[in-house]
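Residue-level structure breakdown
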Amino acid sequence: MRINLGRVVNDIEQLARFNETPGNGVTRLSFTKEDKEAREYIKKEMKKIGLEIYEDGYSNLFGRREGKNSNALVIMFGSHYDSVINGGKLDGVLGVVAAIEIMRVLDENNIENFYPIEMVAMNDEEGVRFGTGVSNSRSMAGLIKEEELDRAKDKKGVSLREAMIEFGLTPNLEDAKRDENSIKAFIELHIEQGPVLQNNNKDIGLVETIVGLDRYDIKFKGKAGHAGTTPMDNRKDALVAASKFIISIEKIAKNIGEGTVATVGELKLSPNASNVIPGFVEISVDIRSTKEQNINSVYNSFKNEIEKIKKELDVDIEVIKTLYTPPVDLSEENIKLMENISEKLGYKYLKMNSGAGHDAMNMAHITPTSLIFVPSENGLSHHPDEFTKPKDFEKGIELMLNTIVELAMRYDNE
Ligand SMILES: [Zn+2]
């Protein structure tokens with residue numbers, strides 16, 4: 001039983017055609033014309049396989065292969081098919097086309113699965129249009145609230161709810177929510193989006209933990225003034241304050257170690273003129289770690305640092321928390337299973353962490369979850385040149401196929 005790599009490559013190329021920015025990477029935002037076209041393609045392929053197709057109250061698109069016991073827990077796998085602006089062909093899509101291909105192979109080989117098997121295609125993982133993010137998996141895990149559908153708006157002021165209705169859906173969060181004891185396992189295949197597998201010459205990454213993410217906006221309020229006439233000891237320079245903070249947070253993260261990272265990636269400066277002392281600076285802070293205590297340590301240290309800077313420079317500093325997701329551990333049992341299968345197949349694997357968020361982290365709230373990485377050429381992603389060699393992603397799909405067969409056939413403990 002083997003997958004057909006040619007069909008997978010074709011699916012990837014076909015889906016890349018549903019694109020708002022041809023010639024400049026792939027742009028396929030949620031609940032748009034391109035989303036609908038991609039969705040129709042996925043439905044058409046699922047129909048050919050004879051899967052039972054259904055959609056829930058949050059646009060999650062499923063293809064179900066019935067099990068010998070139709071009431072047994074579901075084995076689910078899939079990923080997202082929305083993209084960033086000018087992104088690549090593989091981010092998310094690889095996991096969706098892998099799911100389609102696995103369903104084809106199960107059908108061609110008349111696999112008699114005890115457990116029902118469902119593939120899922122999700123359309124709002126990147127969250128670019130509405131500033132949402134991993135919202136499909138949040139809907140399945142019951143981690144999204146009604147008010148978000150109205151609050152989240154695109155650049156034209158269209159709310160998420162309005163866009164869903166325009167798309168032909170009747171939003172129903174209760175319907176999308178999955179019962180905590182209804183899914184036996186969730187598996188997502190994804191490109192690594194980093195250089196670790198390639199640098200270590202590995203075929204497969206088995207993710208143990210998805211890092212937690214803590215995000216802040218920090219506003220430094222000083223006093224704008226003439227750059228020539230305001231003496232150095234009479235200034236409230238917001239940029240000097242922000243700079244001291246940026247230097248300190250780098251040290252804080254390095255001191256805590258254990259892979260803890262902290263990044264200031266955005267900076268707004270006002271008035272932003274060469275002859276004016278900066279009166280106002282706003283920065284973003286992004287902190288990630290596999291351990292909650294390390295995230296808390298960064299926060300506590302930077303709060304102390306802010307108090308020091310306030311006193312030293314007599315500026316006002318406001319800290320606003322914008323996002324928090326805790327670190328998520330994935331299924332150890334299924335990692336062991338995948339290690340065994342990788343060894344049988346002769347694949348070189350690496351147990352690793354994911355520094356990026358994925359739908360898998362939400363699914364882990366309701367079911368034992370796995371995330372399989374395949375190498376990203378030069379670690380590049382969210383870029384038109386994002387690339388993985390077909391013979392590299394073939395291994396990830398083969399591993400997922402064999403894992404699903406193994407999980408679907410085991411009925412001794414049920
Ligand atoms: Zn992705």
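Conventions adopted
- Residues numbered from 1 in each chain as written.
- Predicted model: local features only at pLDDT ≥ 70, side-chain atom pairs only at ≥ 80, totals over all residues.
- Heavy atoms only, no water.
- Donors = N, O, S within 2.8 Å, 3.2 Å for Na, K, Ca; no water.
- Helix = DSSP H or I, 4+ residues; strand = E, 2+ residues; numbered from the N terminus.
- Buried < 20%, exposed > 50% of the residue type's maximum accessible area, 1.4 Å probe, protein only.
- Pairing = 2+ DSSP bridges.
- Expected span 1.5 Å × (residues − 1).
- Arc of directions from axis to C-beta.
- Contact = heavy atoms within 4.5 Å.
- Phe/Tyr/Trp six-rings, centres within 6.5 Å; stacked < 30°, edge-to-face > 60°.
- Lys NZ or Arg CZ within 6 Å of the ring centre and 35° of its normal.
- Domains from an automatic or database assignment.
- Buried area = accessible area lost by both parts, 1.4 Å probe.
- Salt bridge = Lys/Arg side-chain N within 4 Å of Asp/Glu carboxyl O.
- Polar contact = N/O pair within 3.5 Å; in protein donor to acceptor, adjacent residues only side chain to side chain.

The protein is annotated in an unreviewed UniProt entry as Zn-dependent hydrolase of Senegalia massiliensis.

**Points about the coordination of the zinc ion**
Taken together, His-80 (NE2), Asp-91 (OD) and His-190 (NE2) make up the full set of protein donors to the zinc ion, lying 2.0 to 2.2 Å away. The sequence motif formed by the donor residues of the zinc ion is H-x10-D-x98-H. Here His-80, found in strand β3 (residues 74–80), pairs with His-190, found in strand β5 (residues 183–191); they are 110 residues apart in sequence, far enough to count as distant. The two residues His-80 and His-190 agree in class, both being buried.

**A short note on the pairing of strand β6 (residues 204–210)**
Along a regular strand, successive side chains alternate from one face of the sheet to the other. Within β6, six of the seven residues are buried, leaving the element largely enclosed by the surrounding structure. Across six bridges, the pairing between β6 and strand β15 (residues 349–354) is parallel. Of the residues in β15, the one forming a bridge with Ile-210 is Ser-354. In the sheet, β6 pairs with strand β16 (residues 369–374) via two bridges, with the strands oriented antiparallel. Each bridged residue has a counterpart across the sheet, and for Leu-206 the counterpart in β16 is Ile-372. Inspection of the sheet shows β6 paired to strand β14 (residues 328–329) by two bridges, in the antiparallel sense. Note that in β14 the partner of Ile-210 across the bridge is Val-328.

**Considering helix α1 (residues 5–16)**
Owing to its 3.6 residues per turn, the α-helix aligns residues three or four sequence positions apart on the same side. Between its terminal C-alpha atoms α1 stretches 17 Å, which fits the 16 Å expected from twelve residues at 1.5 Å a residue. All of the buried residues in α1 are Leu-5, Val-8, Asp-11, Ile-12, Leu-15 and Ala-16. Down the axis of α1, the sector holding all buried residues measures 130°, keeping them to one side. Tucked into the core, α1 has its buried residues touching α2 (33–49), α3 (93–108) and α13 (390–409).

**A few points about the packing of aromatic side chains**
Taken as a whole, this structure holds nine aromatic pairs when the rule is applied. Ring geometry for Phe-31 against Phe-167: centres 5.2 Å apart, planes inclined by 85°, an arrangement best described as edge-to-face. Taken together, the positions of Phe-31 in the loop between α1 and α2 and Phe-167 in the loop between α6 (160–166) and α7 (173–176) put the pair 136 residues apart, joining distant regions of the chain. When sorted by exposure, Phe-31 lands in the same class as Phe-167, which is buried. On the numbers, 5.3 Å between centres and 90° between planes, the contact of Tyr-216 with Phe-302 is edge-to-face. Residue Tyr-216 is found in strand β7 (residues 212–221), and its partner Phe-302 is found in helix α10 (residues 292–313); the two are separated by 86 residues along the sequence. Each residue in the set Tyr-216, Phe-220, Phe-245, Tyr-299 and Phe-302 is aromatic and connected to the rest through ring pairs, giving one cluster. Directly above the aromatic system of Phe-62 lies the positively charged group of Arg-178, at a separation of 4.6 Å from the ring centroid.

**Digging into the domain arrangement of the protein**
Here the domain parsing of the protein yields domain 1 (5–211 + 327–409) and domain 2 (212–325). Distance between the C-alpha centres of domain 1 and domain 2: 36 Å. Opposite the seven residues of domain 1 that make contact, domain 2 presents nine residues. Between domain 1 and domain 2, a total of about 530 Å² is buried, with carbon and sulfur atoms accounting for 64% of that surface. By the criterion of area lost to domain 2, the three top residues of domain 1 are Val-211, Pro-327 and Gly-355, representing 76% of everything that side buries. Counting across the domain 1 and domain 2 interface gives zero salt bridges. For the pair domain 1 and domain 2, the interface holds one residue pair in polar contact (both at pLDDT 80 or more).

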